[in-house]
Amino acid sequence: MSAVLSPVSASEQETAPTIDGFQLVIEALKLNGIDTVFGLPGIPITDLTRKMQAEGLRVISFRHEQHAGNAAAAAGFLTQKPGICLTVSAPGFLNGLTALANATTNCFPMILISGSSEREIVDLQQGDYEEMDQLAIAKPLCKAAYRVLHAEDIGVGVARAIRSALSGRPGGVYLDLPAKLFAQSMDAVKGRASLIKVVDPAPRQIPAPDAVKRALDLLRGAKRPLILLGKGAAYAQCDAEIRALVEKTGIPYLPMSMAKGLLPDTHALSASAARSYVLEQADVVMLVGARLNWLLSHGKGKTWGAGQGPKQFIQIDISPIEADSNVAIAAPLVGDIGSCVSALLGFIGPSWSKPPAEWTGAIAERKDKNLSKMAETLAKNPPTMNFHSALAVVRNTVKANPEAIVVNEGANTLDFTRSIVDMYEPRKRLDVGTWGIMGIGMGFAVAAAVVTGKRVIAIEGDSAFGFSGMEVETICRYDLPVCVVVFNNNGVYKGTDVNLGGGKDVAPTVFVKNARYDMMMMAFGGVGVHATTPAELDKALKEAIASGKPTLINAVIDETAGTESGRITSLNPTAAKKK
Ligand code: ADP
Ligand code: TZD
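In this report, the structure presented in the accompanying data block is examined. (Residues numbered from 1 in each chain as written. Chains lettered and ligands numbered in written order. Predicted model: local features only at pLDDT ≥ 70, side-chain atom pairs only at ≥ 80, totals over all residues. Heavy atoms only, no water.)

**As for the overall build of the chain**
Then, in step 1: Looking only at helices and strands, the chain features 24 helices and 19 strands.
Then, in step 2: Taken over the C-alpha trace, the chain has a radius of gyration of 26 Å; the compact-globule value for 579 residues is 25 Å, and the two agree within 12%.
Then, in step 3: Projecting the C-alpha coordinates of the chain onto the three principal axes gives extents of approximately 85 × 65 × 45 Å.
Then, in step 4: A sequence separation of at least 24 residues applies to 78% of the contacts in the chain between residues at least 6 apart. (Helix = DSSP H or I, 4+ residues; strand = E, 2+ residues; numbered from the N terminus. Rg over C-alpha atoms; globule rule 2.2 N^0.38 Å. Contact = heavy atoms within 4.5 Å.)

**As for the site of ligand 1**
Then, in step 1: Among the 20 residues in the neighbourhood of ligand 1, the closest are listed as R169, K231, R291, D317 and I337.
Then, in step 2: I318 is positioned such that a nitrogen or oxygen atom in its backbone is 3.1 Å from a nitrogen atom of ligand 1.
Then, in step 3: Contact distances for ligand 1 include 3.0 Å between a nitrogen atom and a backbone N or O atom of I337.
Then, in step 4: In the complex, the protein chains occlude 96% of the 580 Å² of accessible area that ligand 1 would expose alone.
Then, in step 5: Broken down by element, the residue count for the shell around ligand 1 peaks at 3 residues, all from helix α12 (residues 231–235).
Then, in step 6: Partitioning the shell around ligand 1 into residue classes produces 9 nonpolar, 6 polar and 5 charged. (Near = heavy atom within 4 Å. Polar contact = N/O pair within 3.5 Å; in protein donor to acceptor, adjacent residues only side chain to side chain. Areas by Shrake-Rupley, 256 points an atom, 1.4 Å probe, with all protein chains shown as cover. Nonpolar A, V, L, I, M, F, W, Y, C, P; charged D, E, K, R; others polar.)

**What about helix α16 (residues 357–379)?**
Then, in step 1: Across its 23 residues, α16 extends 32 Å between first and last C-alpha, which sits within 8% of the 33 Å expected from 1.5 Å per residue.
Then, in step 2: Of the positions making up α16, those classed as buried are W359, A362, I363, K367 and L378.
Then, in step 3: Looking at the buried positions of α16, the neighbouring elements they touch are β9 (225–229), α14 (275–281), α17 (387–400) and α18 (412–420). (Expected span 1.5 Å × (residues − 1). Buried < 20%, exposed > 50% of the residue type's maximum accessible area, 1.4 Å probe, protein only.)

**A look at the site of ligand 2**
Then, in step 1: Taken together, 17 residues surround ligand 2, and among them N412, T413, G436, D462 and A464 come closest.
Then, in step 2: The backbone of S463 places a nitrogen or oxygen atom 3.0 Å from an oxygen atom of ligand 2.
Then, in step 3: Contact between ligand 2 and N489: an oxygen atom at 3.2 Å from a side-chain N or O atom of the residue.
Then, in step 4: When ligand 2 is considered free in solution it has 590 Å² of accessible area, and contact with the protein chains removes 76% of it.
Then, in step 5: Secondary-structure elements contributing two or more residues to the shell around ligand 2 are α18 and α20 (462–466).
Then, in step 6: It is α20 that provides the largest number of residues to the shell around ligand 2, a total of 3 residues.
Then, in step 7: By residue class, the composition of the shell around ligand 2 is 8 nonpolar, 8 polar and 1 charged.

**Here we look at the sheet that holds strand β10 (residues 253–255)**
Then, in step 1: Spatial ordering of the open sheet is given by β10-β9-β11-β12-β13, a layout of 5 strands whose pairing is parallel. Edge strands, defined here as strands with exactly one partner in the open sheet, are β10 and β13 (331–334). Here the strands of the sheet are splayed against their neighbours by 15° on average, with no regard to which way each runs.
Then, in step 2: Summarising the sheet, β9 and strand β11 (residues 284–288) pair through 5 bridges and their orientation is parallel. (Pairing = 2+ DSSP bridges. Axes fitted to C-alpha atoms, helices over the stretch in contact; angles between N-to-C directions.)

**Digging into the environment of V456**
Then, in step 1: Looking at the secondary structure, you find V456 in strand β16 (residues 456–461).
Then, in step 2: Of the residues examined, V456 reaches a relative accessible area of 1% and is grouped as buried.
Then, in step 3: Along the sequence, V456 and A73 sit 383 residues apart, while their C-alpha atoms lie 16 Å from each other.
Then, in step 4: When residues no more than four places from it in sequence are discounted, the contact partners of V456 are I405, V407, A445, A448, A449, P481, V482 and C483.

**Topic: the pairing of strand β14 (residues 405–409)**
Then, in step 1: A large share of β14 lies buried, amounting to 5 of its 5 residues.
Then, in step 2: By the alternation rule, side chains of β14 split into I405, V407 and E409 and V406 and N408, which are all buried.
Then, in step 3: Relative to β16, β14 runs parallel, the two being bridged by 5 bridges. Looking at β16, one finds that N408 is bridged to I459.
Then, in step 4: As judged from the 3 bridges shared by β14 and strand β15 (residues 429–431), these two strands associate in the parallel manner.

**Some thoughts on the pattern of salt bridges**
Then, in step 1: Inspection of the entire model under this criterion finds 26 salt bridges.
Then, in step 2: Ionic pairing is found between R427 and D239, a salt bridge with its closest N-O pair at 2.7 Å. Taken together, the positions of R427 in the loop between α18 and β15 and D239 in helix α13 (residues 239–249) put the pair 188 residues apart, joining distant regions of the chain. (Salt bridge = Lys/Arg side-chain N within 4 Å of Asp/Glu carboxyl O.)

**A short note on unusual backbone geometry**
Then, in step 1: Omega for the bond connecting I43 with P44 falls within 30 degrees of zero, at 5°, which places this linkage in the cis form.
Then, in step 2: Within the secondary structure, P44 sits in the loop between β2 (36–39) and α3 (46–54).
Then, in step 3: Look at D324: it is not a glycine, yet its phi comes out positive at around 70°.
Then, in step 4: Relative to the assigned elements, D324 resides in the loop between β12 (312–317) and β13.
Then, in step 5: The phi dihedral of R427 is positive, around 55°, even though this residue is not glycine.
Then, in step 6: A relative accessible area of 13% means that R427 is categorised as buried.

**Description of the sheet that holds strand β3 (residues 58–61)**
Then, in step 1: Taken in spatial order, the 6 strands line up as β3-β2-β4-β5-β7-β6 in an open sheet, and their pairing is parallel. Of all strands in the sheet, those with a lone pairing partner are β3 and β6 (144–147), marking the two edges. Direction aside, neighbouring strands of the sheet carry axes that sit 20° apart on average.
Then, in step 2: The strands that helix α4 (residues 65–79) touches are β2, β4 (83–87) and β5 (110–116); relative to β4, the one it contacts most, it runs at about 165°.

Below you can see the structure in the form of structure tokens.
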């Protein structure tokens with residue numbers, strides 16, 4: 001279909017330069033500062049990936065779309081630019097959809113751009129190659145979904161996608177580009193003029209002065225205040241303001257998993273090592289970019305000291321409908337975190353009285369006790385390496401390399417890494433997030449390496465690693481400085497389950513014993529190491545960090561270590577809980 005906008009004479013038509021859909025998509029993305037695309041080629045986007053590369057975009061090609069999508073999501077979180085994932089029609093699109101939904105759940109900005117089949121055939125359900133009404137399927141799983149049918153609308157389509165992904169609460173956006181669109185051509189001048197450079201895609205949202213006053217009054221009156229930092233605070237990139245808020249108020253803080261490192265975990269005001277105590281005892285809790293979902297026991301119940309007196313919440317969030325989603329929020333502060341925290345800081349001068357010593361002293365006491373208990377456990381060197389003795393090594397490695405990005409998934413591997421490995425800098429920890437999803441590992445690791453150029457250490461349960469393991473080829477192909485450490489305990493959670501039916505099959509949670517994941521990396525030219533002791537693990541990690549070579553360390557962990565589902569075993573339905 002030709003999309004010439006106005007009638008032109010025959011001679012004009014011969015000479016006027018034209019531009020096609022491929023080129024317009026590429027120029028629209030570049031105009032908006034997009035420099036990297038994560039995807040997997042095939043009909044109808046193979047040429048698009050080639051032309052993108054020719055035009056100077058970095059195209060990172062994956063082995064499965066889910067991992068390209070996860071990479072896009074992580075890139076969005078790290079850069080505040082929407083990460084782009086490019087997939088083929090129907091099955092490729094569906095493979096990318098999990099990542100799009102996960103990005104939306106986590107409030108990460110990403111755009112899933114998918115080629116699609118002939119609209120006329122899809123809509124009449126006449127059986128096209130990879131036929132699927134992708135727009136309808138994507139809609140409930142993302143923040144916004146658009147389809148572009150005409151070349152002259154590509155500029156608007158890309159602009160709407162970018163603005164939707166970044167403004168307000170960030171999230172995933174679907175952009176449907178039917179095959180026919182790419183081949184359309186139009187007058188080049190008009191085509192380029194139709195492109196939009198999005199101005200101010202994530203406008204600051206200044207909180208209302210009365211809302212700031214309400215929050216401050218509550219904070220000022222608190223006897224046992226607590227600040228809770230979530231991954232929204234990490235995303236917001238106002239690290240200096242957040243640090244100033246904590247330090248000037250002197251209020252103890254708890255970082256959620258991906259907010260670790262916003263202030264160093266070793267900070268005097270970190271209450272991580274007294275988590276249960278502060279959640280139970282605090283009287284005023286200020287949430288900064290954190291939702292009161294299951295990860296925070298919905299803000300109520302035993303965790304929050306039910307029945308021990310009133311607890312009041314201040315919630316800083318860009319979404320005006322987040323407040324009261326689980327419990328009453330006494331002081332909602334709606335706006336972007338940078339603006340909200342700056343507004344609060346405007347009132348916190350030298351006369352601000354820090355929290356009572358009784359409160360901070362009680363926290364310090366518990367912290368000291370728990371930290372020395374932890375040090376004792378980490379110092380043990382049991383005959384078979386376990387989570388603690390292996391993570392003592394990782395902990396020291398990250399301390400020595402605070403700029404490295406840690407990717408983390410698994411059950412026990414996740415829980416223990418989160419609590420044992422201190423983080424020192426903002427946005428250096430990427431993990432399973434709001435859903436507790438397995439499979440983010442290699443996608444997140446690739447994105448972290450590509451967009452930051454820093455060393456990446458992926459701490460992976462052996463089950464977790466399996467979801468994206470084939471992407472070690474991608475890591476080798478692009479020669480990325482990623483060191484994957486597989487905590488190999490022979491199964492999901494642990495490797496000791498037995499078949500309750502007594503048959504020949506192993507239990508559903510058990511894998512091949514003594515598997516050599518290191519050989520997978522070696523198959524593609526990377527470095528593989530089999531480590532059975534903390535000393536071997538330490539040596540391999542040091543070498544990987546020094547060389548920056550793609551490395552996979554198969555860290556053999558005691559198969560009896562670990563618990564069912566790690567710390568969230570209580571979420572298993574009763575029958576399974578008896579184990
Ligand atoms: P965590 O899992 O770390 O507790 P959540 O994902 O539950 O964090 O919460 C993140 C919150 O941060 C979301 O409610 C989201 O709306 C909010 N958010 C994200 N970016 C910003 C921003 N720039 N300013 C304000 N709030 C933000
Ligand atoms: N599938 C998906 C997509 N997400 C999930 N969270 C699960 C399945 C269920 N699941 C968990 O919640 S953790 C986990 C699974 C399969 C793996 C745990 O085993 P592991 O880690 O080997 O990765 P540990 O350290 O041995 O516990």
